[in-house]
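Listed below, chain by chain, are the residues.
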Amino acid sequence: MSQAPGGRVILRTKDGDREIPLELKVTYDRGISDFIAAIQKRGKPSSSGDDGVWSLKLAKAVAKSAATGRTISIEQT
């Protein structure tokens, strides 16, 4: 992963492959423009506070799984 926009997403199903069109933007630019649109009531931020909480829960579960060799469940609260 990098900040440089690029790449392709291919959806592969029993009916075949289909490329999903992407809007390629630098990650930081997109985050800032989405944030500005949100505070101007023209959109939503790229991620919410809840997204941040889930990211932290996931990172902690990954670290615990790596340390113990066990599967770690993340409980929804």
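Bear in mind that the values here come from a model prediction, so they are computed numbers and not experimental data.

Calculation notes
Residues numbered from 1 in each chain as written. Predicted model: local features only at pLDDT ≥ 70, side-chain atom pairs only at ≥ 80, totals over all residues. Heavy atoms only, no water. Helix = DSSP H or I, 4+ residues; strand = E, 2+ residues; numbered from the N terminus. Buried < 20%, exposed > 50% of the residue type's maximum accessible area, 1.4 Å probe, protein only. Contact = heavy atoms within 4.5 Å. Lys, Arg positive; Asp, Glu negative; His and termini not counted. Charge placed at Lys NZ, Arg CZ, Asp CG, Glu CD. Salt bridge = Lys/Arg side-chain N within 4 Å of Asp/Glu carboxyl O. Phe/Tyr/Trp six-rings, centres within 6.5 Å; stacked < 30°, edge-to-face > 60°. Lys NZ or Arg CZ within 6 Å of the ring centre and 35° of its normal. pLDDT = per-residue confidence, 0-100. Patch = residues over 30% accessible without salt bridge, like charges linked within 9 Å, V, L, I, M, F, W, Y side chains within 5 Å. Areas by Shrake-Rupley, 256 points an atom, 1.4 Å probe, with all protein chains shown as cover. Expected span 1.5 Å × (residues − 1). Pairing = 2+ DSSP bridges.

> Residue-level account of the overall build of the protein chain, with values.
In terms of regular secondary structure, the protein chain is built from two helices and two strands. Listing each helix as α and each strand as β along the protein chain from the N terminus yields β-β-α-α. Its C-alpha atoms give the protein chain principal-axis dimensions of about 40 × 40 × 25 Å. Burial status across the protein chain gives 4% buried among its 77 residues. Nonlocal contacts in the protein chain, meaning residues at least 24 apart in sequence, comprise 7% of its contacts between residues at least 6 apart. On the protein chain, the mean spot of the 13 positive side-chain charges and the mean spot of the 9 negative ones are 5 Å from each other.

> Could you give an account of the pattern of salt bridges, naming the residues involved and the relevant values?
All told, the structure shown has three salt bridges when counted by the stated rule. Measuring nitrogen to oxygen at the nearest pair gives 2.9 Å for the salt bridge that ties Arg 12 to Asp 17.

> Lay out the environment of Leu 24 with the relevant residues and their values.
Within the secondary structure layout, Leu 24 lies in the loop between strand S2 (16-20) and helix H1 (27-39). In this structure Leu 24 comes out as partly exposed when scored by relative accessible area, which is 48%. As for Leu 24 and Gln 40, which are separated by 16 residues in sequence, their C-alpha atoms are 23 Å apart. With sequence-adjacent residues up to four places away left out, Leu 24 is seen in contact with Pro 5 and Gly 6.

> Tell me what's going on with the packing of aromatic side chains, and back it up with residues and numbers.
Throughout the structure, instances matching the rule amount to zero aromatic pairs. One Lys or Arg, Lys 57, reaches over the ring of Trp 54 and ends 4.8 Å from the middle of that ring.

> Break down the confidence of the model for the protein chain for me, with residues and values.
On average, the protein chain scores 89 in pLDDT, and the residues at 70 or more come to 95%. Ranking the elements of the protein chain by mean pLDDT puts H1 last with 90 and S2 first with 95.

> Please give an account of unusual backbone geometry that cites residues and values.
With a phi close to 60 degrees, Lys 41 is a non-glycine residue in the positive phi region. Topologically, Lys 41 is positioned in the loop between H1 and helix H2 (49-68).

> Which residues make up a nonpolar patch on the surface, and what values go with them?
A contiguous nonpolar patch, built from Ile 32, Phe 35, Ile 36 and Ile 39 and spanning about 400 Å² of accessible area, is present on the exposed surface. Structurally, Ile 36 can be placed in helix H1.

> Got a sec to walk through H1? Specific residues and values, please.
Because each turn of an α-helix spans 3.6 residues, side chains separated by three or four positions end up pointing in the same direction. The end-to-end C-alpha distance of H1, which contains 13 residues, comes to 19 Å, matching closely the 18 Å that a straight helix rising 1.5 Å per residue would cover. Trailing H1 by a residue or two, Lys 41 shows a phi angle of about 60 degrees, which is positive.

> Could you give me a rundown of the pairing of S2, with the residues and numbers involved?
In this structure, strand S1 (residues 9-13) lies alongside S2, joined through five bridges in antiparallel fashion. Bridge pairing links Leu 11 to Arg 18 in S2. The turn joining S1 and S2, which pair antiparallel and follow one another in sequence, is formed by two residues.

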